[in-house]
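What the coordinates show
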Amino acid sequence: MKQEISALMDGELFDDDAEAVLDKLKRNPDKHDEWRTYHLISDVLRQPDHVHANISIAIRERLQAEPTVLAPRSRASHNARWFALSAAASVMAFTLVAWLSVQIGSETAPQIAMQQSNVVHSVSLPANGLDDYLVAHQEFSPSLDVYGMTSYVHTVAHQQEGK
Amino acid sequence: MKARFALIVVSFFAVAPAFSDTGRQVDLDWLQTIAFATHQTDYSGTFVYQHNGHMETARITHISDQNGEHEKLENLEGPRREFIRNNNEILWYLGDHKAVQVERQYSGKSFPALLPEQLSALNENYFIHTAEQARIAGFDTQAIVFQPKDTLRYTHKMWAHRDSGLLLKAVVLDERRQMVEQYTFIQLKIGGDIERTQVTTGQSATTLQQQSHATPSEISTQTAMNDWKVVAVPSGFKKIMEMRRPLPGKKTDVLHFVFSDGLAGISVFIETLGNHFNRKLGLSSRGAIHVYSKEKSDYLVTVVGEVPPRTVMQVADSVRYKGQ
């Protein structure tokens, strides 16, 4: 019978013989298991990703047979394992960040500064100290060529700002 | 027929670029005219200066004669502060008693013309075009816009007197078209009889504190300059000067680098930390000029420029010492 089912599935039987085998299967339900098994084998061989093996019943029976254990778990070893895992994860994350910052750090630093500066509202300069820098800068700034002495207004005017 | 068609094609290609060139040349010519007028015209006037929500008035007088340029800028509000310039010599008055002499330290620059390199730099970094005509302080003006090609510099708009080329109004705008600073003449006299006394008053009542200042021959441009490097100068800015110089109130010399994009300047000052007393670090501003100071190991780095805050910060953060 098994050989006949196999031959039928492989399409090796003539029409008459195939009908005879199918009739036999209809009449004998106990042969259905064989039919399913051969289809399972066939499926596994052809499409291993989509196997229709109904194992849930077997598993449920095995679980019901198992005795229920009422005892505290061995926490120590469990925690140690998790701690080790999380520590390893932290180290990896840190390494990744460090690696990224080494890779792109020098390039992004000015960019970050740029974005922040949009938010920063600069304060007015203190009265002393920076005038010297301003005057020294204005001596050479190209704005002097175009604006002339009016560019020095930044230094002349600032006294008002302090009030 | 064929020959005529060819002629039309040839003349089109010959004329079209010529037209676009002249358009640009006119705008650049305006800038030359402004620079010339700023330094060669006699004028005296009062202008309003607006910045950071403040508004104040100042007076400027400028005379150009056979001895050169004489100029005075004074504020008209609050404690007296003024600059008096005689060619390269600048006197700077604080209050009623103190005068600080600042000497212009470069003589290679011949006013009033803009250098060709400066004009080409302007062309590379800004879209320059003429805008509307307007009436300011009773004079007819032509507006010229300098639109930057990136956000690392400001937009400048200037209104020049159509006859003399004198700047009667100027505004600096940020990338959101918000005003950063502006000055406008409200009263102006161009040419004619400008009182000479206006540019020479003030000395008699003051004690002159002459600061130590170097002459160009004393400035050594090579010493230790190679040790310092400014890595991230925004594109379009070229180094136009580097030197070791004294600065009023500093015991030791400072290193001074200047970068220019044709219109805006960025100065980088580097000095030992011992020089700085109670200096506030970080960002400060005065109108369109932003200053950013930070410590770099044992040194103080100060960046000053007519550029947005982000630009001075970027430059200051990129200062490196000998491969560090």
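Calculation notes
Residues numbered from 1 in each chain as written. Chains lettered and ligands numbered in written order. Predicted model: local features only at pLDDT ≥ 70, side-chain atom pairs only at ≥ 80, totals over all residues. Heavy atoms only, no water. Helix = DSSP H or I, 4+ residues; strand = E, 2+ residues; numbered from the N terminus. Buried < 20%, exposed > 50% of the residue type's maximum accessible area, 1.4 Å probe, protein only. Areas by Shrake-Rupley, 256 points an atom, 1.4 Å probe, with all protein chains shown as cover. Contact = heavy atoms within 4.5 Å. Buried area = accessible area lost by both parts, 1.4 Å probe. Salt bridge = Lys/Arg side-chain N within 4 Å of Asp/Glu carboxyl O. Polar contact = N/O pair within 3.5 Å; in protein donor to acceptor, adjacent residues only side chain to side chain. Axes fitted to C-alpha atoms, helices over the stretch in contact; angles between N-to-C directions. Parallel < 35°, antiparallel > 145°, perpendicular 65-115°, else oblique. Left-handed = near helix turned anticlockwise from the far one by under 90°. Nonpolar A, V, L, I, M, F, W, Y, C, P; charged D, E, K, R; others polar. Phe/Tyr/Trp six-rings, centres within 6.5 Å; stacked < 30°, edge-to-face > 60°. Pairing = 2+ DSSP bridges. pLDDT = per-residue confidence, 0-100.

Helix and strand counts for chain A stand at 8 helices and 1 strand. Ordered by position from N to C terminus, the α and β elements of chain A give α-α-α-α-α-β-α-α-α. Buried residues in chain A amount to 27% of all 163 residues. Of the accessible surface of chain A, which amounts to about 11,700 Å², a share of 58% is contributed by carbon and sulfur atoms.

This paragraph deals with the overall build of chain B. Scanning chain B for helices and strands turns up 3 helices and 20 strands. The buried share of chain B, taken over its 324 residues, is 52%. Accessible area of chain B: about 15,100 Å², with a carbon and sulfur share of 53%.

All names here are of chain B. By the secondary structure assignment, Thr-141 is in strand E8 (residues 139–148). Overall, the relative accessible area of 0% leaves Thr-141 in the buried class. Discounting chain neighbours no more than four positions away, the residues touching Thr-141 are Glu-132, Gln-133, Ala-134, Arg-135, Ile-136, Trp-159, Ala-160, His-161, Arg-162 and Leu-168.

What follows deals with the interface of chain B and chain A. Counting residues at the interface gives 80 residues for chain B and 43 residues for chain A. Carbon and sulfur atoms supply 67% of the area buried between chain B and chain A, which totals about 5,400 Å² over both sides. Our count for the contact surface shared by chain B and chain A stands at 1 salt bridge. A salt bridge links Arg-245 of chain B to Glu-139 of chain A; its shortest N-O distance comes to 3.3 Å. Between the two partners, chain B and chain A, sit 7 residue pairs in polar contact (both at pLDDT 80 or more).

Once that is clear, we can look at the side chain of Lys-169 of chain B. Mapped onto the elements, Lys-169 of chain B comes out in strand E10 (residues 167–173). With residues near it in sequence (within four places) discarded, Lys-169 of chain B still touches Ile-136, Lys-157, Met-158, Trp-159, Gln-182, Tyr-183 and Thr-184 of chain B.

Our focus in this paragraph is the packing of helix H1 (residues 2–9) of chain A against helix H2 (residues 15–27) of chain A. Residues and elements named next belong to chain A. Running from N to C, H1 and H2 point in directions that differ by 125°, and their axes come no closer than 10 Å. The orientation of H1 relative to H2 falls into the category oblique. Judged by the twist between their axes, the crossing of H1 over H2 is left-handed. Together, Glu-4, Ile-5 and Leu-8 of H1 and Ala-18, Val-21, Leu-22, Lys-24 and Leu-25 of H2 make up the contact between the two elements. Of the residues contributing to the contact of H1 with H2, the split by class is 6 nonpolar, no polar and 2 charged.

Residues and elements named next belong to chain B. Mapped onto the elements, His-70 comes out in strand E3 (residues 68–75). Put simply, His-70 and Arg-196 are 126 residues apart on the chain and 8.9 Å apart in space, counted from C-alpha to C-alpha. One polar contact links His-70 to Asp-65, side chain to side chain, over a distance of 3.2 Å.

Let's shift gears to the packing of aromatic side chains. All names here are of chain B. Taken as a whole and judged by the stated rule, the model has 9 aromatic pairs over all chains. Here the aromatic rings of Tyr-126 and Phe-146 are separated by 6.4 Å at their centres, their planes lie at 85°, and the arrangement is edge-to-face. Of this pair, Tyr-126 sits in strand E7 (residues 126–136) while Phe-146 sits in strand E8, placing them 20 residues apart in sequence. In this pair, the class of Tyr-126 matches that of Phe-146, namely buried.

The tally for this structure, following the rule as stated, stands at 17 salt bridges over all chains. A salt bridge links Glu-4 of chain A to Lys-24 of chain A; its shortest N-O distance comes to 3.3 Å. Highlighted residues: Glu-4 of chain A in helix H1 and Lys-24 of chain A in helix H2, separated in sequence by 20 residues. Glu-4 of chain A gets classed as partly exposed once you look at its relative accessible area, which sits at 30%. By relative accessible area, which is 29% here, Lys-24 of chain A ends up partly exposed. For Glu-71 of chain B, the salt bridge identified is with Arg-85 of chain B, shortest N-O distance 3.0 Å. Remark: Arg-85 of chain B occurs in strand E4 (residues 81–86) and Glu-71 of chain B occurs in strand E3; sequence separation between them is 14 residues. Across this residue pair, the class does not change: Glu-71 of chain B and Arg-85 of chain B are buried.

Okay, the pairing of E3 of chain B next. Residue and element names in this part refer to chain B. Counting buried residues along E3, 8 of its 8 residues qualify, which places the element largely inside the surrounding structure. With 8 bridges connecting them, strand E2 (residues 54–65) and E3 associate as antiparallel partners. Within E3, the residue paired with Ala-58 across the bridge is Asn-75. Linking E2 to E3, which pair antiparallel, is a turn of 2 residues. The pairing of E3 with E4 spans 5 bridges and is classified as antiparallel. Bridge pairing in E4 places Leu-73 opposite Phe-83. Connecting E3 to the next strand, E4, in antiparallel fashion are 5 residues, including Gly-78 with a positive phi near 70°.

When you line up the elements, Lys-31 of chain A lands in the loop between H2 and helix H3 (32–46). With residues up to four places along the chain from it excluded, the contact list for Lys-31 of chain A reads Met-1, Ile-5 and Leu-25 of chain A.

Residues and elements named next belong to chain B. With 75% of its residues at a pLDDT of 70 or more, chain B shows a mean pLDDT of 79. Low pLDDT, under 50, characterises residues 9–23; the predicted model gives this stretch 1 contact beyond four residues in sequence or across chains. The low-confidence segment residues 106–111, where pLDDT is below 50, has 13 contacts with residues more than four positions distant or belonging to other chains. For this predicted complex, the interface score ipTM comes out at 0.80, while the overall pTM is 0.64.

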